[in-house]
Amino acid sequence: MKLRLPGRRDRAEATATDASADLTEQLVRTAGKGRPTPKRSEAQGRRQGPPPPPPTTRKEAYKRMREQQALRRAETRQGAARGDDAYLPARDRGPVRKLVRDVVDSRRNVGSFFLAIAAVALIGTIAPSMVVRNYASFLLFGFFLLMIVDSVILSRKLKRKVAERFPDDPQAKKTRGLVWYGISRSTMIRRWRFPKPEVPLGAEV
């Protein structure tokens, strides 16, 4: 039987308790960062009951920390997908960038067919028939010409819309960056765009 003097604790037990306390404090600090502070009404609406008791073991503390991190990542992905500025990367933030996205998403862009045309042309260029290879080359060349023309039309539309809506916005004066942002988005397939389109095709923006 192991005897203990009054007022003393086993060194291993004390170390485990201190490690658990440190992890609990780290978990509390981590849970409060990385997202905007919610409104008081929202915070009260989310309360399900009394807070859970602090973790008692190192394993439980790590488990809670991983759950909190997974929850924050899920919230960030959902917020970014719906276009919430608080969760978007810097290149996608602001009303000017949102207008550019809406203009691109409201029209049918030639560039969005790039992957399909490129795949067909690639298959054609490796065909054994010389005629098929020639047609594939003409198809790819013609598509690039159409994409260039469509990009010029899109860039003019973007400049006009931005100048009308945001004549005094400093971000609106960087037209080259905005045009490239819009053209690069127009080359993506609509369902793969990020943030997700918020306007239907043919909408008046």
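Residues numbered from 1 in each chain as written. Predicted model: local features only at pLDDT ≥ 70, side-chain atom pairs only at ≥ 80, totals over all residues. Heavy atoms only, no water.

Visitor: Looking at this structure, how should I read the confidence of the model for the chain?
Guide: Regions with low pLDDT carry predicted coordinates that are not meant to be interpreted in detail. Looking at the chain as a whole, the pLDDT averages 78, with 74% of positions reaching at least 70. In this model residues 30-34 is a low-confidence stretch, pLDDT under 50, and it forms four contacts with partners more than four residues away in sequence or in other chains. (pLDDT = per-residue confidence, 0-100. Contact = heavy atoms within 4.5 Å.)

Visitor: Can you walk me through the pattern of salt bridges in this structure?
Guide: Here the idea is simple: oppositely charged side chains can pair when their charged atoms come close. In total, this model carries six salt bridges according to the counting rule given. We note a salt bridge from Arg91 to Asp92, for which the minimum N-O separation is 3.5 Å. Of the residues examined, Asp92 reaches a relative accessible area of 3% and is grouped as buried. Residue Asp105 is joined to Arg185 by a salt bridge in which the shortest nitrogen-to-oxygen separation is 3.0 Å. Of this pair, Asp105 sits in helix H4 (residues 95-105) while Arg185 sits in helix H7 (residues 175-186), and the two are 80 residues apart along the sequence. (Salt bridge = Lys/Arg side-chain N within 4 Å of Asp/Glu carboxyl O. Buried < 20%, exposed > 50% of the residue type's maximum accessible area, 1.4 Å probe, protein only. Helix = DSSP H or I, 4+ residues; strand = E, 2+ residues; numbered from the N terminus.)

Visitor: Looking at this structure, I do not really get the nonpolar core. What am I missing?
Guide: Soluble globular proteins tend to bury their nonpolar side chains together. Grouped together as the largest cluster of nonpolar side chains are 14 residues, with contacts concentrated most on Leu99, Val100, Val103, Leu154, Leu158, Val162 and Leu178. Elements represented by at least two residues in this core include exactly H4, helix H6 (130-165) and H7. It is H4 that contributes the most residues to this core, five residues altogether. Apart from residues lying up to four places away in sequence, Val103 is in contact with Leu154, Lys157, Leu158, Lys161 and Val205. (Core = buried A, V, L, I, M, F, W, Y, C linked by side-chain atoms within 4.5 Å.)

Visitor: Whenever I open this one, a nonpolar patch on the surface confuses me. Can you help?
Guide: Nonpolar side chains collect at one region of the surface, where Phe141, Leu145, Ile148 and Val152 lie side by side and expose about 380 Å² of accessible area between them. Judged by relative accessible area, Val152 falls into the partly exposed class, the value being 37%. (Patch = residues over 30% accessible without salt bridge, like charges linked within 9 Å, V, L, I, M, F, W, Y side chains within 5 Å. Areas by Shrake-Rupley, 256 points an atom, 1.4 Å probe, with all protein chains shown as cover.)

Visitor: Any chance you could explain empty space enclosed by the protein here in plain terms?
Guide: In this structure the tally under the stated criterion is one cavity of 30 Å³ or more. Empty space within the largest cavity amounts to approximately 40 Å³. Around the largest cavity sit Lys98, Arg101, Asp102, Asp105, Arg185, Pro195, Lys196, Pro197 and Glu198, which together line it. With four residues, H4 is the single largest residue contributor to the lining of the largest cavity. Its residues assigned to classes, the lining of the largest cavity comprises two nonpolar, no polar and seven charged. (1 Å grid on protein atoms, 1.4 Å probe; cavity = no way out; pocket = protein on both sides within 12 Å on 5 of 7 lines; lining within 4 Å. Points joined across faces, edges and corners; volume = space filled by probe spheres on them. Nonpolar A, V, L, I, M, F, W, Y, C, P; charged D, E, K, R; others polar.)

Visitor: How should unusual backbone geometry be read in this particular structure?
Guide: Among all residues except glycine, the phi angle is most often negative; among peptide bonds, the trans geometry is most common. The peptide bond linking Phe194 to Pro195 adopts the cis configuration, its omega dihedral lying at -5°. For Pro195, the location among the structural elements is in the segment after H7.

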